[in-house]
Amino acid sequence: MSMVDTAPSSRSSMTGWAAVLTVTMGIFSIVTTEILPIGLLTSIGSGFAVSDGTAGLTMALPGYLAAVAAPTVTVATARIDRRLMLCACMFLLASANFIAAAAPGYWAMLVSRVLVGIVIGGFWSIGAGLANRLVPEGSTRRATALIFSAVPLGSVLGVPLGTLIGDMAGWRASFAVMGVLSTAVLVALAVLVPPLPAEHVTRLAVLRDMTRNVGTRFALLVTFLIVLAHFGAYTYVTPFLERVTHVSSGLITVFLLAYGVAGILGNFLCGTAGARYPYAAFGLAGGLIAFATLMFPLLGRWDAGAVALLIVWGVGYGAVPVCSQTLFVRAAPHAPEAASVLFTASFQATLSTGALVGGIVVDRTSPSTIMFLAGIAASVMTMTVLSRSGSGLARPRSRPRPVG
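Residues numbered from 1 in each chain as written. Predicted model: local features only at pLDDT ≥ 70, side-chain atom pairs only at ≥ 80, totals over all residues. Heavy atoms only, no water.

### What about the overall build of the protein chain?
Where we set the bar: Numbering goes from the N terminus for both helices and strands, where a helix is a DSSP run of H or I of at least four residues and a strand is a run of E of at least two. Buried means the residue's accessible area, taken with a 1.4 Å probe over protein chains only, is under 20% of the maximum for its type, while exposed means over 50%, and partly exposed covers the values in between. In this analysis, two residues are considered to be in contact whenever any of their non-hydrogen atoms come within 4.5 Å of each other. The method behind every accessible area is Shrake-Rupley, applied with a 1.4 Å probe, and residues are considered shielded solely by the protein chains displayed.
Helices and strands together make up the secondary structure of the protein chain, namely 16 helices and 0 strands. Considering the protein chain as a whole, with its 404 residues, one finds that 54% of them fall into the buried category. Relative to all contacts within the protein chain whose residues are 6 or more apart in sequence, the contacts with residues 24 or more apart total 86%. Carbon and sulfur atoms make up 69% of the accessible area of the protein chain, which totals about 16400 Å².

Right, here's the structure in full:
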């Protein structure tokens, strides 16, 4: 009898982890697609005869659309099977990538990026809270950590890999590859993820109540500052390396790969320290980004200096998504899905603002100027976080309230 009971449990656990891995790959595909233009910015601009700042709209558009789509899609589709929603989002992502790969003009490229924005807001807000429905209760934390790992992994690996493919076969090939990957993930979602009927409905009232929470407001502030600093500068790191450091296109891929590996290290270190000391870890991450961006105009003129600073930068940013998400969840432990929605919306809106403002600064001044301004913003964030690390904000002030 015990053998009969154990086998289904084992198969169920294995099936659940396969579903978790599939959701993780979905988020990895989304994050990689979103930031792919960073390493290909100059090539995309020259391909459509637009400036680097204008090409930066390919980064700005998805984030703004995602900020709107996160609460809108989550609330509007709250009663629809979550597997169906994940599949629909991945179908849109594959379509967006193929549109970008075949774009006859810059307008088509922007249409593609609009679709990416909708997918980001919908898939991430839904997928981030599914771990407890896919694996046994004792494995929920590990499954959630695996799903969240797709954000820094996509962020730190997407740019160098996309740039490498672009150097070998052209920037359009990078989007075509992502289209194929998105299609494969779509098939895996349909096959490996079980039906997930809607259970808890996220209402706008819950999101509105969260914004009145002191902890949530603090998380919004520091996330705004550090994401603005990072994407305002990193979106235009390729023009800096080309114009100021005078690095060849092939070597830029190596530089960005070094940044990516450092980012994975930062995510790993944050995973061990961030859960216990989220404020200290977040402050350290901001300090590393501040140092790297402030020093880039000085030391980034030489290859060795640029590589060293990119490694420091990568370690810092690798910890940012995890630390930010942790602050949002700690501020509202009673509403994890709503916390994910606010995290997604704020992160994406600020990402777009950073790319947009950075493009204006680069077009009117120089890549060195945007590095300096980003360093100031990151410094302010670091001082803000560290000044609060010992305050009552380090833990929720009120008892969790049930979500009605």
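### Some thoughts on the packing of helix α3 (residues 57–76) against helix α5 (residues 106–127)
Two packed helices can be described by the angle between their axes and the distance between those axes. Defined as follows: Here an angle of 0 to 180 degrees is reported between the N-to-C directions of two axes, which are lines fitted to C-alpha atoms, with helices fitted over the stretch in contact. The hand of a helix crossing depends on one turn: near helix anticlockwise from the far one by less than a right angle means left-handed, and clockwise means right-handed.
Between α3 and α5, whose axes approach to 6 Å, the crossing angle comes to 35°. By crossing handedness, the relation of α3 to α5 is classed as right-handed. Along the contact surface, α3 presents Leu57, Thr58, Met59, Leu61, Pro62, Leu65, Ala66, Ala69, Ala70, Val73 and Thr74, while α5 presents Tyr106, Met109, Leu110, Arg113, Val114, Val116, Gly117, Ile118, Ile120, Gly121, Gly122 and Ser125.

### Thoughts on the packing of helix α4 (residues 82–101) against α5
Quick reminder of the rule: Here is the rule for angles: anything less than 35 degrees is roughly parallel, anything more than 145 is roughly antiparallel, 65 through 115 is roughly perpendicular, and the remaining ranges are oblique.
Interaxial distance between α4 and α5 falls to 8 Å at its minimum, and their mutual angle equals 155°. Considered as vectors, α4 and α5 are oriented roughly antiparallel to each other. By crossing handedness, the relation of α4 to α5 is classed as left-handed. Between α4, through Arg82, Met85, Leu86, Cys89, Met90, Leu92, Leu93, Ala96, Asn97, Ile99 and Ala100, and α5, the contact on the second element is made entirely by Ala108, Met109, Ser112, Leu115, Val116, Ile118, Val119, Gly122, Phe123, Ile126 and Gly127.

### As for the nonpolar core
Applicable threshold: Only buried residues count toward a nonpolar core, which is a set of Ala, Val, Leu, Ile, Met, Phe, Trp, Tyr and Cys residues joined through side-chain atoms within 4.5 Å.
Phe123, Phe296 and Trp313 are the most contacted members of the largest nonpolar core, which totals 99 residues. The contacts of phenylalanine 296, once residues within four sequence positions are left out, are Val237, Phe240, Leu241, Arg301, Ala306, Leu309, Leu310, Trp313 and Met371. Of all hydrophobic cores here, the second largest spans 13 residues; its members include Ala101, Ala103, Ala108 and Phe175.

### Concerning the packing of aromatic side chains
Rules: We call Phe, Tyr and Trp rings a pair once their centres come within 6.5 Å, taking the six-membered ring for Trp, and we label the pair stacked below 30 degrees between planes, edge-to-face above 60, and tilted otherwise.
The final tally for this structure, using the stated rule, is 12 aromatic pairs. Centroid distance phenylalanine 328 to phenylalanine 343: 6.1 Å. Interplanar angle 65°. Geometry classified as edge-to-face. With a gap of 15 residues between them, phenylalanine 328 in helix α14 (residues 303–331) and phenylalanine 343 in helix α15 (residues 336–364) connect regions that are remote in the sequence. Here the two residues phenylalanine 328 and phenylalanine 343 agree in accessibility, since each one is buried.

### A look at α3
Stated formally: Any helix carries an expected span of 1.5 Å times its number of residues minus one. Across the chain, bend at a residue is computed as the angle between axes fitted to the seven residues ending at that point and the seven starting from it.
Given a rise of 1.5 Å per residue, 20 residues ought to cover 28 Å, and the 27 Å separating the end C-alpha atoms of α3 matches this to within 8%. Of all the bends found along α3, the most pronounced is centred on alanine 69 and spans about 40°, while proline 71, a proline, follows it within four residues. Within the sequence span of α3, burial applies to Thr58, Met59, Ala60, Pro62, Gly63, Ala66, Ala67, Ala69, Ala70, Pro71, Val73 and Thr74.

### Some details on unusual backbone geometry
The phi torsion at alanine 49 lies on the positive side, around 60°, for a residue other than glycine. For alanine 49, the position within the fold is in the loop between α1 (2–48) and α2 (52–55). Judged by its relative accessible area of 73%, alanine 49 falls in the exposed class.

### With respect to the state of the cysteines
Disulfides are covalent bonds that connect the sulfur atoms of two cysteines. The cut-off we apply is this: Whenever a pair of cysteine sulfur atoms sits within 2.5 Å, that pair is classed as a disulfide.
Summed over the entire model, instances satisfying the criterion amount to 0 disulfides. Here cysteine 89 stays unpaired: no disulfide links it, and the sulfur of cysteine 87, its closest cysteine neighbor, is 9.5 Å away. What makes cysteine 89 buried here is its relative accessible area of 5%.

### Overview of the confidence of the model for the protein chain
As a reminder, the rule being used: Confidence scores here are pLDDT values: one per residue, from the predictor, ranging 0 to 100.
Mean pLDDT over the protein chain works out to 82, with 88% of the residues at or above the 70 mark. In the predicted structure, residues 1–11 sits below a pLDDT of 50 and forms 0 contacts with residues beyond four places in sequence or in another chain. Segment residues 392–404: pLDDT under 50, and 21 contacts once partners within four positions in sequence are set aside and those in other chains are kept.

### Observations concerning the environment of arginine 113
Its place among the elements puts arginine 113 in helix α5. The exposure class assigned to arginine 113 is buried, which follows from its relative accessible area of 0%. Counting along the chain gives 56 residues from arginine 113 to leucine 57, while the straight-line C-alpha distance between them is 8.9 Å.

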